[in-house]
Amino acid sequence: MSTTTLPTSVGSASPRADGIAKVTGQARYAAEFKIAGRAYGCIAQSAIARGRIVSINTDEVRSCPGVIDVLTHASAPRLHPVQDTEAWLLQNDRVHYHGQVVALVIAETLEQAQAAAEQLHVEYDIEPHDVVLRPDHPGCYAPDHVNPDFPSETHAGDVDAAFGQAAFAVDQWYATPAEHNNPMEPHAATAYWDDGRLIVHDSNQGSVRIQSALAALFGLDAADVQVVAEYVGGGFGSKASIRPPAVLAAIASKVAGRAVTVVVTRQEMFSVIGGRTPTLQHIRLGADESGHLSSVDHLSYEQTSQIFEFAEETAVLPRIMYATANVRTGHRLIRLDVPTTGWMRAPGFAPGSFGLESAMDELAQVSGIDPVELRIRNDTDHAAEGGAPFTSRSYIECLREGSQRFGWSSRDPRPGLRRDGSWLIGSGMASSAYPAGSAPSTATAFARPDGTFIVEIAASDIGTGARTVLTQIAADALGVTPARVQLRVGDSGYGNAFSAALSRGTASWGWAALKACRQLAAKLDGTPVTEVAVRADTSEDLKAQDKLARYSFGAQFVQVRADPGTGEVRVDRMVGVFAAGRIVNPTMARSQFIGGMTMGLGMALHEASIMDPQFGDYANNDLAQYHLPAHADVPAIEIGWIDEHDTQVNPLGVKGIGELGVVGTAAAIANAVWHATGIRYRTLPLTPNRVLQGTARQSQER
């Protein structure tokens with residue numbers, strides 16, 4: 001099949017393949033499948049943080065209008081024991097955190113289920129709870145590894161000796177709060193059983209992963225479970241593993257003998273879904289008189305639940321970011337009576353970059369070296385952990401291009417000098433980095449007699465544009481226009497595929513689609529197009545990859561204004577320049593970077609889940625109190641990237657970008673606030689109250 005007369009699609013700004021379906025309402029989400037006779041399930045949550053269920057008035061609630069059944073630990077079907085105990089719902093009387101699922105009411109309508117759930121009364125044997133993260137906690141321990149598979153601890157050289165001899169040093173603590181993923185579409189599932197097979201329409205980031213989890217829970221072969229996530233309204237990591245709606249809908253359907261839909265409310269998402277762990281980070285940086293780092297020491301304290309260990313990779317960034325012979329990184333975990341923390345966009349790297357990049361700014365301050373120049377002097381061509389060289393690292397190019405676009409050279413480094421009326425003006429910068437890996441995936445390409453093609457892959461498009469870019473990749477491999485390619489995604493029946501997580505989606509799925517389509521094109525070459533199918537997977541290809549370091553990099557520059565009288569901080573302008581391999585679709589890429597930087601802005605100024613120690617619950621568990629950036633908060637954002645031709649990262653030369661944009665944003669904003677006010681803030685978010693406290697301390701010190 002000739003491609004000589006066709007322009008390549010990869011690299012062009014093709015419009016969203018699913019745009020029309022979404023804006024016209026044709027796209028159906030997990031809770032929107034209208035199956036005859038379906039019922040609804042409503043979750044009942046624990047009102048305590050730790051203890052045991054003594055009794056529930058199930059008989060009374062079963063008599064409420066429309067109620068089909070009430071499932072509790074005493075009546076729910078038994079599930080098989082699994083490693084992910086978060087999914088082992090309604091199996092015993094223990095309560096491990098406030099808001100845990102303690103019952104499910106099944107009714108004919110959603111309103112009836114909700115009304116009946118409100119009549120549930122649970123009696124508990126209450127035990128003292130512990131929900132406060134602190135570094136001196138007696139239960140503090142070092143986990144075996146951190147997400148996804150990094151070693152928990154690394155140590156090279158003599159960090160303490162080098163730090164003691166440093167010409168310039170920074171020794172500080174940095175803190176980030178708990179945060180919660182709030183995708184537009186709450187978690188939801190519709191499940192039903194068909195002759196022993198379980199079919200689940202689920203809002204997730206990886207149908208194959210959910211299929212495997214459900215099969216284990218119900219003791220089924222994976223082939224007897226089908227999970228479909230054709231359209232997903234966002235995830236930010238919270239939908240990358242199995243969540244309560246899929247399990248509860250499947251349990252309820254088994255009991256009710258019909259399809260059941262379970263939707264998590266916005267308030268429930270703050271407990272049963274989990275979120276980003278708070279962190280306490282102790283960072284020590286030492287440098288010689290020329291500003292070259294002589295030591296880096298980064299230790300992070302985090303929390304997890306009593307029932308499932310999740311350790312976030314907060315201290316991993318120093319292992320690949322800067323050159324130093326003496327580096328020590330580590331993680332400490334504390335099990336508390338809280339929901340299990342989990343993936344949230346750029347896990348570990350987002351909070352870790354706030355600590356490291358704030359500390360680098362402080363090192364620039366004490367050494368008198370420009371923050372950009374300091375980072376250039378400390379660039380490296382290999383990872384500190386293991387010494388593996390990078391497949392590509394255009395980090396310095398990002399720094400220089402970003403500096404030029406932002407106009408950094410005109411910045412007066414002295415803080416607290418620029419004013420605009422009552423506003424103090426400042427600028428800051430920070431660096432971005434995130435792993436750029438690939439994972440085994442399978443794709444099937446079909447040729448049809450009419451000259452069109454179908455490509456099936458169990459990818460999950462959570463709003464990132466996966467359908468669009470995979471269509472472009474497939475079209476180029478087949479030598480046709482995208483209009484002749486139909487991309488089908490989200491069905492576990494399409495074969496193994498990695499989740500939309502860890503910024504590996506496009507690289508993993510695109511590799512499989514490229515392979516299947518190239519093989520199909522070769523099979524069809526010189527022959528009439530008939531009904532032909534080719535299935536390809538990349539498992540063996542990935543086994544052959546060498547041990548090189550695969551990462552994306554970037555640099556972010558920010559201008560802020562701060563009002564010392566009100567404590568208000570506003571971001572005026574943001575510039576981000578990134579190096580993320582080959583950009584498949586510039587429009588989609590720009591949107592992803594803007595989204596990441598906007599999320600970083602929220603992390604810096606707005607987002608914090610506030611724990612009430614008395615009740616062990618997050619007090620601000622709705623979008624009226626958990627603040628996210630609105631349109632008025634988001635300034636002019638300028639995005640650029642460095643073209644990288646990296647054939648060692650994967651055959652497409654693609655690196656993930658979904659999480660790269662959020663890394664470093666919060667630090668850049670905090671560094672800019674220091675430049676504006678002369679006050680260093682080491683705890684996020686920078687709310688008016690926190691800024692006013694800093695102003696008051698500054699006045700007292702004077």
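For the structure itself, look to the data block above.
Residues numbered from 1 in each chain as written. Predicted model: local features only at pLDDT ≥ 70, side-chain atom pairs only at ≥ 80, totals over all residues. Heavy atoms only, no water.

A. A look at the overall build of the chain. A tally of regular secondary structure across the chain gives 17 helices and 28 strands. What you see for the chain is a C-alpha radius of gyration of 26 Å, in line with the 27 Å of a compact globule of 702 residues. In terms of its C-alpha atoms, the chain occupies a principal-axis envelope of roughly 75 × 75 × 50 Å. Across the 702 residues of the chain, 60% fall into the buried class. Considering only contacts in the chain between residues 6 or more positions apart, those separated by 24 or more positions represent 81%. (Helix = DSSP H or I, 4+ residues; strand = E, 2+ residues; numbered from the N terminus. Rg over C-alpha atoms; globule rule 2.2 N^0.38 Å. Buried < 20%, exposed > 50% of the residue type's maximum accessible area, 1.4 Å probe, protein only. Contact = heavy atoms within 4.5 Å.)

B. Layout of helix α17 (residues 688-701). For α17, with 14 residues, the first-to-last C-alpha span of 20 Å sits near the 20 Å given by 1.5 Å per residue. Contacts from the buried residues of α17 go to β25 (569-579) and α16 (665-677). (Expected span 1.5 Å × (residues − 1).)

C. Up close: the pattern of salt bridges. Inspection of the entire model under this criterion finds 39 salt bridges. In this structure, the salt-bridge partner of aspartate 461 is arginine 467, at a minimum N-O distance of 4.0 Å. Both residues of the pair, aspartate 461 and arginine 467, count as buried. A cluster of three or more residues bridged by salt bridges with shared partners is formed by Asp18, Lys22, Asp461 and Arg467. (Salt bridge = Lys/Arg side-chain N within 4 Å of Asp/Glu carboxyl O.)

D. Representation of the packing of aromatic side chains within the structure. As enumerated under the stated definition, the model contains 17 aromatic pairs in all. Seen from their ring centres, phenylalanine 406 and tryptophan 408 are 6.2 Å apart, and the 45° between their planes marks the pair as tilted. Looking at phenylalanine 406, the relative accessible area reads 10%, which means it is buried. Following the ring pairs from residue to residue traces out a cluster consisting of Tyr322, Phe390, Tyr395, Tyr551 and Phe553. Above the ring of tryptophan 193, the side-chain terminus of lysine 254 is found at 4.0 Å from the ring centroid. Just above the ring of phenylalanine 553 sits the side chain of arginine 393; from NZ or CZ to the centre is 4.5 Å. (Phe/Tyr/Trp six-rings, centres within 6.5 Å; stacked < 30°, edge-to-face > 60°. Lys NZ or Arg CZ within 6 Å of the ring centre and 35° of its normal.)

E. Region of interest: the environment of lysine 239. Considering the arrangement of structural elements, one finds lysine 239 in the loop between β13 (225-228) and α6 (244-256). Residue lysine 239 is classed as buried on the basis of its relative accessible area, which comes to 1%. Once the C-alpha coordinates of lysine 239 and aspartate 84 are considered, the two residues, 155 residues apart in sequence, prove to be 14 Å apart. Setting aside anything within four residues of it in sequence, one finds lysine 239 in contact with Pro183, Glu185, Pro186, His187, Ser203, Asn204, Gln205, Gly206, Val232, Gly233 and Gly234. Of the polar contacts made by the side chain of lysine 239, one reaches the backbone oxygen of glutamate 185; its length is 2.7 Å. At 2.8 Å, the side chain of lysine 239 forms a polar contact with the side chain of serine 203. (Polar contact = N/O pair within 3.5 Å; in protein donor to acceptor, adjacent residues only side chain to side chain.)

F. Structural context of the pairing of β13. The pairing of strand β12 (residues 197-202) with β13 spans four bridges and is parallel. Within β13, the position partnered with valine 200 by the bridge is valine 227. Handedness of the crossover joining β12 and β13 through helix α5 (residues 207-218) is recorded here as right-handed. (Pairing = 2+ DSSP bridges. Right-handed = clockwise from strand over helix to strand, strands pointing away.)

G. View of the sheet that holds strand β15 (residues 279-287). In spatial order, the strands read β9-β17-β16-β15-β10; together these five strands make up an open sheet with mixed pairing. Both outer strands of the open sheet, β9 (154-156) and β10 (168-176), are each paired with one neighbouring strand and no more. Strand-to-strand twist across the sheet, computed as the mean angle between neighbouring axes with direction ignored, equals 10°. Seen against the sheet, helix α9 (residues 349-367) touches β10, β15 and β16 (293-304) and runs at an angle of roughly 150° to β10. (Axes fitted to C-alpha atoms, helices over the stretch in contact; angles between N-to-C directions.)

H. Region of the structure containing the pairing of strand β24 (residues 551-562). Most of β24 is tucked away: twelve of the twelve residues are buried. Going residue by residue along β24, you find Tyr551, Phe553, Ala555, Phe557, Gln559 and Arg561 tucked away on one face and Ser552, Gly554, Gln556, Val558, Val560 and Ala562 tucked away on the opposite face as well. Bridging between β24 and β25 involves ten bridges; their strand directions are antiparallel. Within β25, the position partnered with valine 560 by the bridge is valine 571. Between β24 and β25, which pair antiparallel one after the other, the connecting turn spans six residues, and glycine 567 there sits at a positive phi close to 85°.

I. Examining the environment of threonine 566 more closely. With respect to the helices, strands and loops of the structure, threonine 566 is situated in the loop between β24 and β25. The class of threonine 566 is partly exposed, set by a relative accessible area of 41%. Between the C-alpha atom of threonine 566 and that of serine 422, which follows or precedes it by 144 residues, the distance is 9.7 Å. If we ignore the near neighbours within four places in the chain, the residues touching threonine 566 are Pro688 and Leu692. Here the side chain of threonine 566 touches glutamate 568 through a polar contact of 3.2 Å, landing on its backbone nitrogen.

J. Fine view of unusual backbone geometry. Cis peptide bonds are those with omega within 30 degrees of zero, and the linkage from asparagine 147 to proline 148 qualifies with -15°. Cis geometry marks the peptide bond from leucine 684 to proline 685, where omega comes out at -5°. With respect to the helices and strands, the residue proline 685 is situated in the loop between α16 and α17. With a phi close to 55°, leucine 90 is a non-glycine residue in the positive phi region. Its place among the elements puts leucine 90 in the loop between β3 (67-71) and β4 (94-95). A relative accessible area of 6% places leucine 90 in the buried class. Notably, serine 503 is not glycine yet its phi reads approximately 55°, a positive angle. A residue is classified by how much of its surface remains accessible, and serine 503, at 11% relative accessible area, is buried.

K. View of the side chain of serine 392. Turning to its location among the elements, serine 392 is positioned in the loop between α10 (371-377) and α11 (395-406). Engagement of the side chain of serine 392 in a polar contact is seen with the side chain of aspartate 646, the distance being 2.6 Å. Look past the residues within four positions of serine 392 in its chain and what remains in contact with it is Tyr551, Phe553, Glu644, Asp646 and Lys655.

L. Main features of α5. With twelve residues, α5 extends 16 Å from end C-alpha to end C-alpha; this agrees with the ideal 16 Å at 1.5 Å per step. Among the residues of α5, Ser207, Val208, Ile210, Gln211, Leu214, Ala215, Leu217 and Phe218 are the ones counted as buried. Those residues of α5 hidden inside the fold are in contact with β11 (188-194), β12, β13 and α6. Downstream of α5 by a residue or two, glycine 219 has a phi angle that is positive, lying close to 65°.

M. Here's a closer look at the nonpolar core. Counting 98 residues, the largest nonpolar core has Leu285, Ile320, Met321, Val560 and Ile669 as the members making the most contacts within it. Among the elements that take part in this core, helix α15 (residues 586-605) stands out by supplying nine residues, more than any other. Apart from residues no more than four positions distant in its own chain, valine 560 is found in contact with Leu424, Ile425, Gly426, Val569, Arg570, Val571, Asp572, Ile669, Ala672, Val673 and Ala676. Ile462, Ala475, Val480 and Leu487 belong to the second largest nonpolar core, which has 44 residues in total. (Core = buried A, V, L, I, M, F, W, Y, C linked by side-chain atoms within 4.5 Å.)

Shape is all these values report; function is a separate question.
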